[in-house]
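Inside the fold
Each chain is listed here by its residues.
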Amino acid sequence: MLGGAIFDLFLSNDEMFDVLGIDKVTPRIDNGFHVKINLIDFKQLQSILNDFKPDIIIHCAAIVNVDCCETDKKSADLLHIEVTKILGSYNAKKSRLIYISTDAVFDGVNGNYRENDKPHPLNYYAKSKWRGETEALNSCENNLVVRTNIYGYKNPPGNSLAEWAIHEAKNKKMISGFSDVYFNPLYVKQLARVIKHLIIRSENGVIHAGTREAVTKFEFLMELYRRFGFPANRIKPISIDEIEFKGARPKNTTLNVNRLKEITGDAPSIYNGLDEFVNDYKKDGRMNHD
Ligand SMILES: NC(=O)c1ccc[n+]([C@@H]2O[C@H](COP(=O)([O-])OP(=O)(O)OC[C@H]3O[C@@H](n4cnc5c(N)ncnc54)[C@H](OP(=O)(O)O)[C@@H]3O)[C@@H](O)[C@H]2O)c1
């Protein structure tokens, strides 16, 4: 989801960058250069690094299914930690590593987390992502760790939060939205633009990338439905305490975006992001998909 948005942005905007996209399963052969590799095949990974010789690496790959990470810790460690170490160590003095992390590194007790607040992950996904951050920061000189939360749609279509909610609405089903879980997510295209800005500015260290407004997941889904014209009464507000997950979920992972505002002048708006998302979704003909 994010990797595709970053690929498209860097490819289309200007002549500054040559871009290579990496996909595990389905190469996006419609535009630009893509290779199909499994990043945890370290031999293959090293060989692609040696061939392409990247100046900048943006590590978007992850196992984003929190409960899968709980049952397959080894795979989470390989992708989030070991692959990061290899990417950072490749030409460690010259090339730049951007590591995409998550707001879930925090326990969600207080919210409004700053970059120097100490993480306290509640589940294995977030634990391994946090250890990946350490690898990114230690393995090379030019590093950037972007903690974020995102939404968008996948190509081919997937089951991300917004896609799932739209799918259920189209099938006239009721959904539940957590009214006690707070976040400030970016539309993937908003985050891609932020990342490009940070790269051009050569920013280093940890940065929190979120919207300037925070909402509950219930409010987020209501805003989404309003834009599509789906009936609001198809979303039932519930507490996350009502659901049992394999891996515990934090309640308030809102990110403080003061550093982002200082660098870029402002943080993106959640309402603009939703407008852009809905426009893109309709323009791409996604409404006709199941
Ligand atoms: N989505 C969110 O809500 C969210 C929130 C906070 C942070 N993030 C972070 O944002 C980044 C991007 O996430 P996303 O939402 O764009 O997730 P995504 O669409 O699932 O993208 C992750 C990609 O990594 C690929 N991948 C997994 N294992 C791989 C391997 N061994 N080799 C090569 N590719 C592999 C996946 O391919 P397959 O699908 O084929 O396995 C998938 O295309 C991640 O670092 C994630 O931790 C996401």
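Below: a short report on this structure. Quick caveat: nothing in here was measured; it's all calculated off a predicted structure.

**A few points about the environment of F178**
- Checked against the element boundaries, F178 lands in strand β7 (residues 175–178).
- Classification of F178 by relative accessible area gives buried; the value is 18%.
- For the pair formed by F178 and D241, sequence separation is 63 residues and the distance between their alpha carbons is 9.1 Å.

**Considerations on the pairing of strand β4 (residues 96–102)**
- Counting buried residues along β4, seven of its seven residues qualify, which places the element largely inside the surrounding structure.
- Burial of the side chains of β4 extends over both faces: R96, I98, I100 and T102 are buried on one face and L97, Y99 and S101 on the other.
- Where strand β3 (residues 56–59) and β4 come together, four bridges link them in parallel fashion. Bridge assignment links I58 to a residue of β4, and that residue is I98.
- Taken together, the seven bridges between β4 and strand β5 (residues 142–148) define a ladder with parallel strand orientation.

**A few points about the site of the ligand**
- The environment of the ligand is made up of 22 residues, and the closest members are M1, L2, N38, Y125 and K129.
- Residue I100 places a main-chain N or O atom 3.3 Å away from an oxygen atom belonging to the ligand.
- Interatomic distance of 3.4 Å between a backbone N/O atom of I150 and an oxygen atom of the ligand.
- Summarising the interface, the protein chains cover 79% of the accessible area of the ligand, which totals 880 Å² for the free molecule.
- Of all elements in the fold, only β4 and α5 (124–139) reach the threshold of two or more residues within the shell around the ligand.
- The element that contributes the greatest number of residues to the shell around the ligand is β4, accounting for three residues.
- Residues that form the shell around the ligand fall into these classes: 14 nonpolar, five polar and three charged.

About the thresholds
- Residues numbered from 1 in each chain as written.
- Predicted model: local features only at pLDDT ≥ 70, side-chain atom pairs only at ≥ 80, totals over all residues.
- Heavy atoms only, no water.
- Helix = DSSP H or I, 4+ residues; strand = E, 2+ residues; numbered from the N terminus.
- Buried < 20%, exposed > 50% of the residue type's maximum accessible area, 1.4 Å probe, protein only.
- Pairing = 2+ DSSP bridges.
- Near = heavy atom within 4 Å.
- Polar contact = N/O pair within 3.5 Å; in protein donor to acceptor, adjacent residues only side chain to side chain.
- Areas by Shrake-Rupley, 256 points an atom, 1.4 Å probe, with all protein chains shown as cover.
- Nonpolar A, V, L, I, M, F, W, Y, C, P; charged D, E, K, R; others polar.

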